[in-house]
Amino acid sequence: MNDIATRCIDIIAKSKSIPADTISLASTFDELNIDSLDKINISFEVEEAFNIEIPDEALSTLRTVGDMVEGVTKLTATTPSTITTH
Amino acid sequence: MRIASVGTAYPPHRYSQAQISEALTARWQDRMEEPRLINRLFVNCGVDFRNLVFPLDVYENLSGFGPTNDAWIVAAVELGEKAIDTALARVGLTPADISAIFFASVTGIASPTIDARLINRMPFPTSIKRTPIFGLGCVAGAAGISRASDYVRAFPNQYALLLSVELCSLTWQDNDQSIANLISCGLFGDGAAAVVIAGSETALAKRTCATCISGPRILDTRSTFYRHTEHIMGWDIGDMGFKIVLSPDVPKVVNEHLRGNVESFLTDNGLSLGDISSYIFHSGGPKVLEAMENTLSLPENALEASWRSLREVGNLSAASVLAVLEDVLVNAPGKPGTYSILAAMGPAFCSELVLLQW
């Protein structure tokens, strides 16, 4: 698993207070009991962590953690100079 | 008895969801840690457009319950009259033909009520029986049809009129940036709907002609009250007016109760879900409509009219299911003999089901 995936999973785990090792790229947000509001809160955390801006319309299309990682990967690729590493 | 006609009316100021989101973000950005939350919630509401009573820039000048409610009274009378005119004109009736009027709204209050003010503007008979209904919220469209049908069951040679006017934009709260209020501001729209209910011995109920649009017969109605669910939805009413109570558990309540209610209702009428050809459901919001689809195992597109209404005008509270009914009646009426269910849920929490036959 790459760094982006690991960091996304850590954010989700912290946000929902669940162990990170129970989350995989194939996990759906429904399975993780993450509703649309949770997804919005997670999106703000992900934006801050990666210094990206997620389009508002994109959230509703995300079904799995892998979808989110894929989206973050694309967004960081378009703004490579602004990626933070904390 | 029969649903003879439905007419809707919408205020003239039509905005995209993005325009409303932008306006409210500009208005509330200094009150919020993360103003982008507004648009992020709004894009998930299933709403593309809404009609509002006022231009967007007027709302920030409306402050306090009194002035806002005064604006509601003026607009509700004007919009209500248009909806009634449309509904009556479609079947060649006039206000003088109406024996009872039921008025439902939960977005403003008045005494004398809006129906009384309309009787002073339109030639209704002075013997008309009035039943204003406040507080049923989103369920009042379906419940209003039920109560009006109760009336014409008792007086089968008479016509009853149901009017619902909901001006949800007049309940926007500057001092409440809670998730519930933001979702409410993203979901609810303004509109009015009027329904003519014809007693079984009226000329309209008996009328048959090849070219007439013939509304469905009302076969039965069912109210179901869910005890101890007051926290699910409603208003906290204070100095600033109506502050939304909206629990994220609304879809859960739908999942827990709706299928059982519908099956029990249909069984009592000698029918089952497989006998229902179309569904006329309140456009509560994406989560509510998805819960309805899932719990009833509905075919794909079964609630398309409800989704379309949500996209085009938002959730109109009590008037929503009536707007969906108008769409079905005008554009996709059932084949003769087929059955439909009209349904809505609302504060209490509770549901109202109406069994229709075309």
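Residues numbered from 1 in each chain as written. Chains lettered and ligands numbered in written order. Predicted model: local features only at pLDDT ≥ 70, side-chain atom pairs only at ≥ 80, totals over all residues. Heavy atoms only, no water.

Here's the deal with the interface of chain B and chain A
At the interface, 10 residues of chain B touch 12 residues of chain A. Summing both sides of the interface, chain B and chain A together bury roughly 1,000 Å²; the carbon and sulfur share of this comes to 59%. If you sort the residues of chain B by the area they bury against chain A, R36, R40 and N44 of chain B come out on top, with a joint share of 55%. Scanning the region where chain B abuts chain A turns up three salt bridges. R40 of chain B is the partner of D56 of chain A in a salt bridge, and the nearest nitrogen-oxygen pair spans 2.8 Å. (Contact = heavy atoms within 4.5 Å. Buried area = accessible area lost by both parts, 1.4 Å probe. Salt bridge = Lys/Arg side-chain N within 4 Å of Asp/Glu carboxyl O.)

Quick look at the packing of aromatic side chains
Residue and element names in this part refer to chain B. Following the criterion strictly, the structure yields eight aromatic pairs over all chains and no others. Taken together, a centroid distance of 5.3 Å and an interplanar angle of 75° make the contact between F65 and F242 edge-to-face. On the criterion of sequence distance, the pair formed by F65 in helix α3 (residues 65–89) and F242 in strand β10 (residues 241–246) is long-range, its members being 177 residues apart. Aromatic ring contacts, followed pair by pair, group F65, F134, W235 and F242 into a single cluster. Here K129 stacks its cationic end above the ring of F155, 4.0 Å away from the centre of that ring. (Phe/Tyr/Trp six-rings, centres within 6.5 Å; stacked < 30°, edge-to-face > 60°. Helix = DSSP H or I, 4+ residues; strand = E, 2+ residues; numbered from the N terminus. Lys NZ or Arg CZ within 6 Å of the ring centre and 35° of its normal.)

Some points on the UniProt feature "domain: Chalcone/stilbene synthase N-terminal" (unreviewed entry) in chain B
According to UniProt, the positions carrying the feature "domain: Chalcone/stilbene synthase N-terminal" (unreviewed entry) are residues 70–198 of chain B. The span residues 70–198 of chain B is 40% helical and 25% strand by assignment, and the distance between its end C-alpha atoms comes to 33 Å. (UniProt positions renumbered as here; feature names shortened; annotations may be inferred.)

Some points on the side chain of T76 of chain A
Following the sequence through the fold, T76 of chain A ends up in helix α3 (residues 65–78). Only 2.9 Å separates the side chain of T76 of chain A from the backbone oxygen of T73 of chain A, close enough to count as a polar contact. (Polar contact = N/O pair within 3.5 Å; in protein donor to acceptor, adjacent residues only side chain to side chain.)

A short note on the domain arrangement of chain B
Residues and elements named next belong to chain B. Considered domain by domain, chain B is made up of domain 1 (2–205) and domain 2 (214–357). For domain 1 versus domain 2, the distance between C-alpha centres works out to 17 Å. Taken together, the contacts link 60 residues of domain 1 with 50 residues of domain 2. Across the domain 1 to domain 2 interface the summed buried area is about 4,200 Å²; carbon plus sulfur atoms make up 65%. Contact with domain 2 buries area across many residues of domain 1, yet R2, I3 and C138 alone supply 15% of it, more than any other trio. Inspection of the region where domain 1 meets domain 2 yields three salt bridges. (Domains from an automatic or database assignment.)

As for α3 of chain A
Residues and elements named next belong to chain A. With 14 residues, α3 should cover 20 Å at 1.5 Å per step; its first-to-last C-alpha distance of 20 Å lies within 8% of that length. Taken together, the buried positions of α3 are V65, G66, M68, V69, V72 and T76. Projected down its long axis, α3 shows its buried positions confined to an angular sector of 155°, all on one face. The outward face of α3, more than 90 degrees from its buried face, is lined by the exposed residues K74, A77 and T78. Buried residues along α3 sit against α1 (3–16) and α2 (36–50). (Expected span 1.5 Å × (residues − 1). Buried < 20%, exposed > 50% of the residue type's maximum accessible area, 1.4 Å probe, protein only. Arc of directions from axis to C-beta.)

Regarding the UniProt feature "active site" (unreviewed entry) in chain B
As recorded in UniProt, the sites labelled "active site" (unreviewed entry) are C138 of chain B. Relative to the elements of secondary structure, C138 of chain B occurs in the loop between β5 (129–134) and α5 (140–154).

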